[in-house]
Amino acid sequence: MHRFVAAVLVCFVWMNAAIAQSANDVVWIQIAAQPSLRTATSSAQNYASQLEDVNGFSLGGGWYGIALGPYRRSDAEAVLRTYRQERLIPRDAFIALSASFRQQFYPVGANVLSRGVIDAPAATATDTVVAEPATDPVVAEIITEPTDETPAEAQRSERALSRAEKQELQSMLKWAGYYSAAIDGSFGRGTRNSMASWQAANNFEQTGIMTTQQRAMLLKQYNAVLNGLGLRLVRDEAAGIEMQLPMDVVKFEKYESPFAQYTSTGDIDAKVLLISQAGDQGTLFGLYDIMQTLEIVPLDGPRERKNNSFILIGESAGLVSETRVSLKSGEIKGFTLLWPAGDEERRRRMLTLMQNSFVRLDGALDPAAGSNDAQAVDLVAGLEIRKPRLSRSGFYVDARGTVVTTSDAVQSCSRITLDEEYEADVLLDDSANGVAVLAPKDTLAPLNIAAFSAQTPRLQSEVAVAGYSYEGVLGSPSMTFGTLSDVRGLRGEENLSRLALAALSGDAGGPVLDASGGVMGMLLPKTAGGQQLPDDVSFALDRKSVQAALSNAGRNGSLSRATAALPAQDIAVAARGMTVLVSCWE
């Protein structure tokens, strides 16, 4: 009785809409939907071996549909009835409109969405048209046929599922919170109980065997998180890559070999790079190293490099970046997805669809692709190289690579590097005196080691400072020469020396050497009590204070026995060998 009332209500609701329908509407018969392009193509080929007018379209959300047509509505109804009776198509096949379909993938190169109807296959034609109730055909089927499969029919349709499809069903039940066991494709007691629980929550009979319609409903729930992304199949001929991309979120911007760059179009700060270049294993490994220097690949996250592929995952407070690249037949191809942090469910699901739809086409991106308008030393293919928050100078004081530097070089750093390559730990930060002591995490072999001068510095004597004046831009330390103006600070501080020397901010932390090449102190930043100093005034922390900091850190520095003045060239060689770039990263 309840079912009869429901049928009457459905019929009443759709009656008015059906009046406006025409027998000449352009419609299709959707007979299958598959979760991957490869499976869908194979399915379309199988149907095409038995049926006419087989087409394949993207449905969005990572699914691909197989449809027959396009037919007039009256012809489509006849085809649907005939093919069902002959068991050539599934019972749950239905009439669909063109608006349901997106880009056509089968037959390859075809585009029939915009053309008119075609005649139905002769085998399905009828001589007379039987008058039917003025209701929408799909609704009429719901009324005149069972609303869903019987348990026996559901069991038969379930047996037709592949192992991968069964595992996917378990994954969806797990996502919905009804399944917690292994994703193994085996429908045991745990899977059956989870199906029954889902059926109960969705007002279905608790049989523990999900029907085709119920599986479709669960899939719709599962894919709801992808709504609004506009996932569509994109074929980039220049890059030689075909895959699904969220085209309501990103759009193509430009080619800069080896990248095809798709940038954000709206509120979601997303970016996709299609990676494509010819090369060998050496090229692949070089790309792996270069990618890790880019701003778009945060430092934190797992890395995995194999002989013919690599994965890079970078995570920061605001960004998650995942890169997947492989080498095959002399072509390196892959992609990078950048997505805002905190949206992990949607990012993970979208990434899976992108991976599953990834297809390598013939050819790789032209090495000359891109305008190269924005050339700069801190750009790679138009993408910013990761830069430290600040860089200062430091100098080696023992054979194991212990470094002395300025205190401000180690403040608020997520990590500290030496020469932007070797990570270091802070052994001591004496902010009162402005000095810090670092220890490299890996054993280093410095070219030269500082030797502290045992001589008392003389006023107006020549001094030299080695440092990365431009914070590493030049790649090697610079030398700045000057004189010793005073052995005290402006307020009489006995642990400071005033220098007549025009140093830059990057020089801070570098060694100050006397005429014999001995280290008489460490250059301090160009501030004094918060005031900016004149260009030709600098201060150095004396060597006794530096040695005291080393002692407090459990390290020792050696003394220089040299007393004779050295040529400026010799001092420069010794100074550059002991000086190191210290970088603070956020």
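Everything below is about the structure shown above.
Throughout this document, residue positions are counted from 1 along each chain, in the order its sequence is written. Since the coordinates come from a predicted model, pLDDT governs what is reported: local features require at least 70, and pairs of side-chain atoms require 80 or more to be given and counted, while whole-chain, interface and lining totals use all residues. Note that water and hydrogens are dropped before the side-chain values are worked out from all heavy atoms of the structure.

So, about the overall build of the protein. In this description a helix means any DSSP run of H or I spanning at least four residues, a strand means any run of E spanning at least two, and both kinds are numbered starting from the N terminus. From N to C terminus, the protein includes twelve helices and 33 strands. Note on classification: 1.4 Å probe, protein chains only; a residue is buried when its accessible area is under 20% of the maximum for its type, exposed when over 50%, partly exposed between these limits. Here the protein holds 586 residues, and 46% of them are scored as buried. For the protein, the proportion of contacts with a sequence separation of at least 24, taken over those separated by at least 6, is 62%. Entry remark: accessible area of the protein is about 28700 Å², with carbon and sulfur atoms responsible for 50%. Note on contacts: a residue pair qualifies if any of its non-hydrogen atoms lie within 4.5 Å across the two residues. Only the protein chains shown count as cover for residues, and the accessible areas themselves come from Shrake-Rupley with a 1.4 Å probe.

Glancing now at the nonpolar core. Put simply, buried Ala, Val, Leu, Ile, Met, Phe, Trp, Tyr and Cys residues joined by side-chain atoms within 4.5 Å make one nonpolar core. Core analysis: the largest hydrophobic core is formed by 26 residues, its most contacted members being Ile 29, Ile 31, Val 54, Ile 66, Leu 68 and Ile 89. Mapped by element, the contributors of at least two residues to this core are strand E1 (26–34), helix H2 (37–48), strand E3 (63–72), helix H3 (73–85) and strand E5 (104–106). Among the nonpolar cores identified, the runner-up in size contains 25 residues, and Phe 395, Val 435, Phe 452 and Met 578 belong to it.

Inter-axis angles, ranging from 0 to 180 degrees, are taken between N-to-C directions of lines fitted to C-alpha atoms, where helices are fitted over the stretch in contact. At a closest axis distance of 10 Å, the pairing of helix H6 (residues 163–175) and helix H8 (residues 212–223) adopts a crossing angle of 55°. When the interaxial angle is binned, H6 and H8 end up oblique. Between H6 and H8 lies a crossing whose hand is left-handed. On H8, the residues that touch Leu 169, Met 172, Leu 173 and Trp 175 of H6 are Arg 215, Leu 218, Leu 219, Gln 221 and Tyr 222. Roughly parallel here means an angle under 35 degrees, roughly antiparallel means over 145, roughly perpendicular means 65 to 115, and every remaining angle is called oblique. Should the near helix be turned counterclockwise from the far one by less than a right angle, the crossing is left-handed, whereas a clockwise turn marks it as right-handed.

A few words on the pairing of E3. Among the ten residues in E3, nine count as buried, and that is most of the element. Pairing of E1 with E3, which is carried by seven bridges, proceeds in the antiparallel orientation. Paired with Gln 30 across the two strands is Ala 67, which belongs to E3. Strands were regarded as paired on the criterion that DSSP finds at least two bridges between them. By the bridge criterion, six bridges tie strand E2 (residues 54–60) to E3 in an arrangement that is antiparallel. In the sheet register, Phe 57 faces E3, and the bridge partner there is Gly 65.

What follows covers the side chain of Glu 242. For Glu 242, the position within the fold is in strand E7 (residues 241–246). In protein, a polar contact requires one atom able to donate a hydrogen and another able to accept it; more generally it is a pair of N or O atoms within 3.5 Å, and residues adjacent in sequence count only if both atoms are side-chain atoms. Here Arg 235 takes part through its side chain, which lies 2.9 Å from a polar atom of the side chain of Glu 242. Each residue touching Glu 242, except ones within four places of it in the same chain, is listed here: Leu 37, Leu 233, Val 234, Arg 235, Ser 357, Phe 358, Val 359 and Leu 361.

The strand order across the open sheet formed by five strands is E4-E1-E3-E2-E5, and the pairing between neighbours is antiparallel. Since the sheet does not close on itself, it has two edges, and those belong to strand E4 (94–97) and E5, each with one partner. The sheet shows a mean angle of 45° between the axes of neighbouring strands, taken without regard to direction. Sheet analysis places E2 next to E5, joined by two bridges and oriented antiparallel. For Phe 57, the partnering residue across the bridge sits in E5 and is Gln 104.

A pair of cysteine sulfur atoms is labelled a disulfide when the two atoms are within 2.5 Å. A full pass over the atoms with the stated rule returns one disulfide. A sulfur-sulfur distance of 1.9 Å marks the disulfide that ties Cys 413 to Cys 584. On the S-S bond that ties Cys 413 to Cys 584, the torsion sits near -115°, and the link is left-handed. Placement of Cys 413 in the loop between strand E19 (403–406) and strand E20 (415–418) and of Cys 584 in strand E33 (residues 579–585) is noted, with a sequence separation of 171 residues between them. Given a relative accessible area of 23%, Cys 413 falls into the partly exposed group.

Turning our eyes to something else, we now look at the pattern of salt bridges. Salt bridges are defined as contacts in which a side-chain nitrogen from Lys or Arg sits within 4 Å of a carboxyl oxygen from Asp or Glu. Under the definition given, this model contains 22 salt bridges. Across the salt bridge formed by Arg 235 and Glu 237, the nearest N and O atoms sit 2.7 Å from each other. With relative accessibility at 43%, the residue Arg 235 sits in the partly exposed group. A salt bridge links Glu 242 to Arg 235; the nearest nitrogen and oxygen atoms lie 2.9 Å apart.

Positionally, Glu 420 belongs in the loop between E20 and strand E21 (422–430). Residue Glu 420 is classed as partly exposed on the basis of its relative accessible area of 42%. Through-space distance from the C-alpha of Glu 420 to that of Trp 585 is 9.7 Å; in sequence the pair is 165 residues apart. With near-sequence residues (within four places) excluded, Glu 420 lies in contact with Pro 388, Leu 581, Ser 583 and Trp 585.

Attention now moves to H3. Expected helix span is given by 1.5 Å per residue-to-residue step, counting one fewer step than there are residues. The end-to-end C-alpha separation of H3 is 18 Å, in line with the 18 Å expected for 13 residues at 1.5 Å each. By the burial criterion, the buried members of H3 are Arg 73, Ala 76, Glu 77, Ala 78, Val 79, Leu 80, Thr 82, Tyr 83 and Arg 84. Phi turns positive one or two residues past the end of H3, at Arg 87, with a value near 55°.

A word on a positive patch on the surface. Residues qualify for a patch when their relative accessible area is over 30% and they have no salt bridge, like charges being joined within 9 Å and the nonpolar side chains of Val, Leu, Ile, Met, Phe, Trp and Tyr within 5 Å. Neither His nor the chain ends contribute to the count of charged residues, in which Lys and Arg are positive and Asp and Glu negative. In plain terms, the charge of a residue is placed at NZ if it is Lys, CZ if Arg, CG if Asp and CD if Glu. A contiguous patch of positive charge, built from Arg 87, Arg 91, Arg 156 and Arg 159, is present on the exposed surface. By the element assignment, Arg 91 lies in the loop between H3 and E4. Using a relative accessible area of 41% as the deciding quantity, one classes Arg 91 as partly exposed.

Of note, the amide linkage connecting Gly 69 to Pro 70 takes the cis form, showing an omega dihedral of 5°. Topologically, Pro 70 is positioned in strand E3. The step from Ser 257 to Pro 258 runs through a cis peptide bond, and the omega angle for that step is 10°. Assignment of secondary structure puts Pro 258 in the loop between strand E8 (250–256) and strand E9 (259–264). At Arg 87, a residue that is not glycine, the phi angle is positive and equals roughly 55°. Assignment of secondary structure puts Arg 87 in the loop between H3 and E4. Even without being a glycine, Asn 203 presents a positive backbone phi close to 65°. Summarising the element assignment, Asn 203 is placed in the loop between helix H7 (189–201) and H8. You can call Asn 203 exposed: its relative accessible area is 73%.

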